[in-house]
Amino acid sequence: MTLRPIVALAALLATTAATAQTVRVDPDGSIAMPAMTVPSSPLMSNEGNRSRVEHIMTERSLKGRSIADLNAALFGPRLERAKARYKVSVRRDTIGGIPVLVYEPAAGVAKADRGKVLLNVHGGGFVGCFTECGGLESVPVAALTGIRVISIDYRLAPQARYPAASEDVSSVYRAVLKTAPARRIGLFGCSAGGLLTAQSLAWFQTHGLPAPAVAGIFCAGADATMAGDSRTYGAVLGDGEAPPSAAPRPLGYMAGAAATDTAAFPARDASVLAKFPPTLVVVGTRDFALSSAVYLHSRLVAAGVPAQLNVWEGGRHAFFYDADVPEAREAHQVIARFLTSHLR
């Protein structure tokens, strides 16, 4: 009998015990961890890991600059890369009194799909976005689905507060319903746009509007506080930021919204969620909104909604905004298939 395995096991147990002593578990369940280095995920592509680092370093280089400068530097080049990969046409319009951008595949919309419409609500924390912010979602979706995508330029904080954005989405939706039935309309968005998608679905319920045929809630959940485990570690691993120390609070746009308003916080009411259409939830493991997204999916499933959750390893917040990343292109395909499969 050799002693080598026994010695190795003893060494492992000793190391584990030493590590355990440096991790403090408080009575309330809080856990204090020692400083550590977390490498990039070996399960994500090199392009994906590089894109995350590029995003973090760009944000750091622009600290103190305006939101417009930050968005242009972060997302402007990525929009150009998306347009180089996915060929679309884009034009400005006004629908229901709200400014929009209309995206269509460069070859045009096939006759069978001309009555179908996908509504997009962009991200940006409800406070800003550069021109064509919604293009980072609308460009690949329009190209891959072959369907017209309308990106809604809703009102933003600080000039506007909840429910201004929901009202604007509703205005566009009402106008589109005059030319297309709900079964041929989908609604999707990422980040603040993902939350706004959920809020709009709840808003439609309280204002006598039919639910669209399908929804996509990406990099978000349906509660503006975005609470949960990932709110702590996602800030570190996805954005290279110190974790927030304060209790979760809603975004500034939500100031004044009652905690009992289910159109503001749809995840808090199972009866509201039960009326959601088939919903796709997309998120990454390093996204600060992962917990919020996973929680929303679990509540939708519990409410009997046909909901699908797709999580990409190593993905930061809105990881699929960079079309040069293989995981982003996979996400684009998943989104396009899900949306088109539910339009009739």
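As the structure is a computational prediction, the values presented were derived from the model and not from experiment.

*Asks:* So what's going on with the packing of aromatic side chains? Which residues, and what values?
*Replies:* One pass over the full model with this rule turns up 10 aromatic pairs. Measuring from ring centre to ring centre gives 5.9 Å for Phe218 and Phe320, while their planes differ by 85 degrees; the resulting arrangement is edge-to-face. Here Phe320 lies in the loop between β10 (307–312) and α10 (326–341) and Phe218 lies in strand β8 (residues 214–218), a separation of 102 residues in the sequence. Taking the relative accessible area as the measure of exposure, Phe218 reaches 1% and is therefore buried. Exposure remark for Phe320: the relative accessible area of 2% places this residue in the buried category. Ring centres 5.7 Å apart and planes at 45 degrees place the aromatic pair Trp312 and Phe319 in the tilted group.

*Asks:* Can you tell me about the state of the cysteines, naming the residues and giving the values?
*Replies:* Using the criterion set out here, one finds two disulfides in the structure. A sulfur-sulfur distance of 2.2 Å marks the disulfide that ties Cys190 to Cys219. Judged by the sign of its S-S torsion, about -105 degrees, the cystine formed by Cys190 and Cys219 is left-handed. Within this pair, whereas Cys190 is found in strand β7 (residues 185–190), its partner Cys219 is found in the loop between β8 and α7 (230–239), the two being separated by 29 residues in sequence. Across the pair, Cys219 and Cys190 agree in class, each one buried. Here the chain pairs its bonded cysteines, counted in sequence order, in the arrangement 1-2, 3-4.

*Asks:* Break down the packing of helix α5 (residues 164–177) against helix α6 (residues 192–206) for me, with residues and values.
*Replies:* One can describe the packing of α5 onto α6 by two numbers: an axis separation of 9 Å at closest approach and a directional angle of 65 degrees. By the angle between their directions, the pair α5 and α6 is classed as roughly perpendicular. Regarding α5 and α6, the two cross each other, and that crossing is right-handed. For the pair α5 and α6, the contacting residues are Ala165, Ser166, Glu167, Val169, Ser170 and Tyr173 in the first and Leu196, Gln199, Ser200, Trp203 and Phe204 in the second. By residue class, the composition of the contact of α5 with α6 is six nonpolar, four polar and one charged.

*Asks:* Lay out the pairing of β10 in plain terms, naming residues and giving numbers.
*Replies:* Pairing of strand β9 (residues 279–284) with β10 involves six bridges; the strand directions are parallel. Along β10, the bridge assignment pairs Gly284 with Trp312. One crossover worth recording links β9 to the parallel β10 by way of helix α9 (residues 290–302), and it is right-handed.

*Asks:* Explain α5 to me, and be specific about the residues and the numbers.
*Replies:* With 14 residues, α5 extends 20 Å between its outermost C-alpha atoms, agreeing within 8% with the 20 Å of an ideal straight helix rising 1.5 Å per residue. Close packing links the buried residues of α5 with β3 (88–95), β4 (98–105), β5 (117–121), β6 (148–152), β7 and α6.

*Asks:* Quick one: what's the story with a nonpolar patch on the surface, residue by residue and with numbers?
*Replies:* There is a patch of nonpolar side chains on the surface, built from Val23, Val25, Ile31, Met33, Met36 and Val38 and spanning about 580 Å² of accessible area. Within the element layout of this structure, Met33 appears in the loop between β2 (31–32) and α2 (46–61). Accessibility expressed as a relative area gives 58% for Met33, which makes it exposed.

*Asks:* Can you lay out unusual backbone geometry for me, pointing to particular residues and giving the numbers?
*Replies:* At the junction of Ala157 and Pro158, the peptide bond is cis and its omega measures out at 5 degrees in the coordinates. With respect to the element layout, Pro158 can be found in the loop between β6 and α5. Going from Tyr162 to Pro163, the amide bond is cis rather than trans, its omega being 10 degrees. Position of Pro163 relative to the elements: it lies in the loop between β6 and α5. Even without being a glycine, Phe126 presents a positive backbone phi close to 65 degrees. With respect to the helices, strands and loops of the structure, Phe126 is situated in the loop between β5 and α4 (135–145). Here Ser191, not a glycine, exhibits a phi torsion of approximately 60 degrees, which is positive. One can find Ser191 in the loop between β7 and α6. The class for Ser191 is buried, based on a relative accessible area of 18%.

*Asks:* Residues and numbers for the pattern of salt bridges, please.
*Replies:* Scanning the model with the defined rule gives 16 salt bridges in all. Between Glu54 and Arg81 there is a salt bridge; the shortest N-O distance is 3.9 Å. Residue Glu54 is located in helix α2, and its partner Arg81 is located in helix α3 (residues 67–85); the two are separated by 27 residues in the primary sequence. Under the relative-accessibility criterion, Glu54 is labelled partly exposed at 37%. The network of salt bridges with shared partners includes Glu54, Arg78, Arg81, Arg85, Asp322 and Asp324.

*Asks:* Describe in detail the packing of α4 against α10, supporting the description with residues and values.
*Replies:* Closest axis-to-axis distance for the α4/α10 pair is 9 Å, and the angle between their directions is 60 degrees. If you check the angle between α4 and α10, you find them oblique. Note on packing geometry: the crossing formed by α4 with α10 is right-handed. Of the residues in α10, those in contact with Pro140, Val141, Leu144 and Thr145 of α4 are His332, Gln333, Ile335, Ala336, Leu339 and Thr340. A class-by-class count of the residues in the contact of α4 with α10 yields six nonpolar, four polar and no charged.

Conventions we followed
- Residues numbered from 1 in each chain as written.
- Predicted model: local features only at pLDDT ≥ 70, side-chain atom pairs only at ≥ 80, totals over all residues.
- Heavy atoms only, no water.
- Phe/Tyr/Trp six-rings, centres within 6.5 Å; stacked < 30°, edge-to-face > 60°.
- Helix = DSSP H or I, 4+ residues; strand = E, 2+ residues; numbered from the N terminus.
- Buried < 20%, exposed > 50% of the residue type's maximum accessible area, 1.4 Å probe, protein only.
- Disulfide = S-S within 2.5 Å.
- Axes fitted to C-alpha atoms, helices over the stretch in contact; angles between N-to-C directions.
- Parallel < 35°, antiparallel > 145°, perpendicular 65-115°, else oblique.
- Left-handed = near helix turned anticlockwise from the far one by under 90°.
- Contact = heavy atoms within 4.5 Å.
- Nonpolar A, V, L, I, M, F, W, Y, C, P; charged D, E, K, R; others polar.
- Pairing = 2+ DSSP bridges.
- Right-handed = clockwise from strand over helix to strand, strands pointing away.
- Expected span 1.5 Å × (residues − 1).
- Patch = residues over 30% accessible without salt bridge, like charges linked within 9 Å, V, L, I, M, F, W, Y side chains within 5 Å.
- Areas by Shrake-Rupley, 256 points an atom, 1.4 Å probe, with all protein chains shown as cover.
- Salt bridge = Lys/Arg side-chain N within 4 Å of Asp/Glu carboxyl O.

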